[in-house]
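As a plain string of letters, each chain reads:
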Amino acid sequence: RLLTLKYSRAVPLPHAALPSAEPFAGAIAFLERIGIPVRAARLPQEECGSPGVSVHGAELWIEPERLESVEALLWEAGRIATAPPEERPHLFRLDRLAPAHSQGAELLTAAWAAAAALELGRSTAFRDFFDGDPRSGVPLLQWAGMARQAGESEDSSDCEGRPVYPHMLHWLRP
């Protein structure tokens, strides 16, 4: 579970400090379009869930010089996107203090991040980043009202013709 803290040693930077080159610019534009604000900041290492990325409330703070991959960015964004709306403003990531994220939350995050990677055309890169099958979290996305699960045929639509995962009904958990 992400830890709620009011104290951070992160130092905000101007918005112009965000990466303007691909692949990061496209991922940042996607996150902002779906409602996850992205801010540039100098981040203490202990506040980063992935190198150069930290969750601060419902915002994703990044240190552009330390970003390693779009997949890491999407993984941390998935923690915000899949959190219940009432919890989002209180999220804060400190790995050395926070208890481990539950396995269910990790599966939910992985399934969300994989769908986001596919949306950005990065399916191969995400498979290399994530160790396992992100589809194992799809039933949790369905339970959270974010996606529909395919039947046994693995079609791109359900029995009523509605799109299924990796198509998302909601990018942010309702």
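On a predicted model such as this, the values are computed, not experimentally measured, just so you know. For every chain, the first residue of the written sequence is number 1, and numbering continues from 1 along that sequence. For this predicted model, a pLDDT threshold of at least 70 governs which residues receive local features, and a threshold of 80 or more governs which side-chain atom pairs are given and counted, while totals over whole chains, interfaces and linings are taken from all residues. Here the side-chain values reflect all heavy atoms present in the structure, with hydrogen atoms and water set aside.

**Overview of the packing of aromatic side chains**
Then step 1. Under the pairing criterion, centres of Phe, Tyr and Trp rings, with the six-membered ring standing for Trp, must be within 6.5 Å; the plane angle then separates stacked pairs below 30 degrees from edge-to-face pairs above 60, leaving the rest tilted. Within this structure, the stated rule accounts for two aromatic pairs.
Then step 2. Ring geometry for Phe30 and Trp171: centres 5.1 Å apart, planes at 90°, overall edge-to-face. With a gap of 141 residues between them, Phe30 in helix H1 (residues 24-34) and Trp171 in the segment after helix H5 (138-143) connect regions that are remote in the sequence.
Then step 3. Among the aromatic residues, ring-to-ring pairing joins Phe30, Trp112 and Trp171 into one connected group. Numbering of helices and strands starts at the N terminus; helices are DSSP runs of H or I of at least 4 residues and strands are runs of E of at least 2.

**Structural notes on helix H2 (residues 70-81)**
Then step 1. A helix is expected to span 1.5 Å multiplied by its residue count minus one. The end-to-end C-alpha distance of H2 is 16 Å, a good match for the 16 Å that 12 residues give at a rise of 1.5 Å each.
Then step 2. Counting buried positions over the 12 residues of H2 gives 12, a clear majority of the element.
Then step 3. In this scheme, a residue with accessible area under 20% of its type's maximum is buried, one over 50% is exposed, and one in between is partly exposed, where area comes from a 1.4 Å probe on protein chains only. Among the residues of H2, Val70, Glu71, Ala72, Leu73, Leu74, Trp75, Glu76, Ala77, Gly78, Arg79, Ile80 and Ala81 are the ones counted as buried.

**A closer look at the packing of H1 against H2**
Then step 1. One way to put it is that H1 packs onto H2 with a least axis distance of 10 Å and a crossing angle of 15°. As far as their axial angle goes, H2 and H1 are roughly parallel. The interaxial crossing formed by H1 with H2 has right-handed handedness. Here H1 contributes Phe24, Ala27, Ile28 and Leu31 to the contact with H2, which in turn contributes Val70, Leu73, Leu74 and Ala77.
Then step 2. Three classes are used, and their members are as follows: Ala, Val, Leu, Ile, Met, Phe, Trp, Tyr, Cys and Pro are nonpolar, Asp, Glu, Lys and Arg are charged, and the others, Gly among them, are polar. Residues of the contact of H1 with H2, tallied by class, amount to eight nonpolar, no polar and no charged. Only C-alpha atoms enter the line fits that serve as axes; for helices the fit covers just the stretch in contact. Angles between N-to-C directions range over 0 to 180 degrees. When an angle is under 35 degrees it counts as roughly parallel; over 145 it counts as roughly antiparallel; between 65 and 115 it counts as roughly perpendicular; any other value is oblique. For any pair of crossing helices, the crossing counts as left-handed if the nearer helix is rotated counterclockwise from the farther one by less than a right angle, and right-handed if it is rotated clockwise. The contact criterion used throughout is that any non-hydrogen atoms of two residues lie within 4.5 Å.

**Notes on the sheet that holds strand S1 (residues 11-12)**
For sheets, the rule is that strands pair by backbone hydrogen bonds, running either parallel or antiparallel.
Then step 1. Pairing between two strands is assigned when DSSP locates at least 2 bridges connecting them. In space, the four strands of this open sheet follow the order S1-S2-S4-S3, with mixed pairing throughout. Strands at the two margins of the open sheet, each flanked by one partner only, are S1 and strand S3 (53-56).
Then step 2. Sheet analysis places S3 next to strand S4 (residues 59-62), joined by four bridges and oriented antiparallel. Pairing of His56 across the sheet is with Glu59, part of S4.
Then step 3. Sheet contacts for H1: strand S2 (38-42) and S4; angle to S2, the most-contacted strand, approximately 125°.
Then step 4. Each of S3 and S4 is contacted by H2, which is oriented at about 155° to S4, the strand it contacts most.

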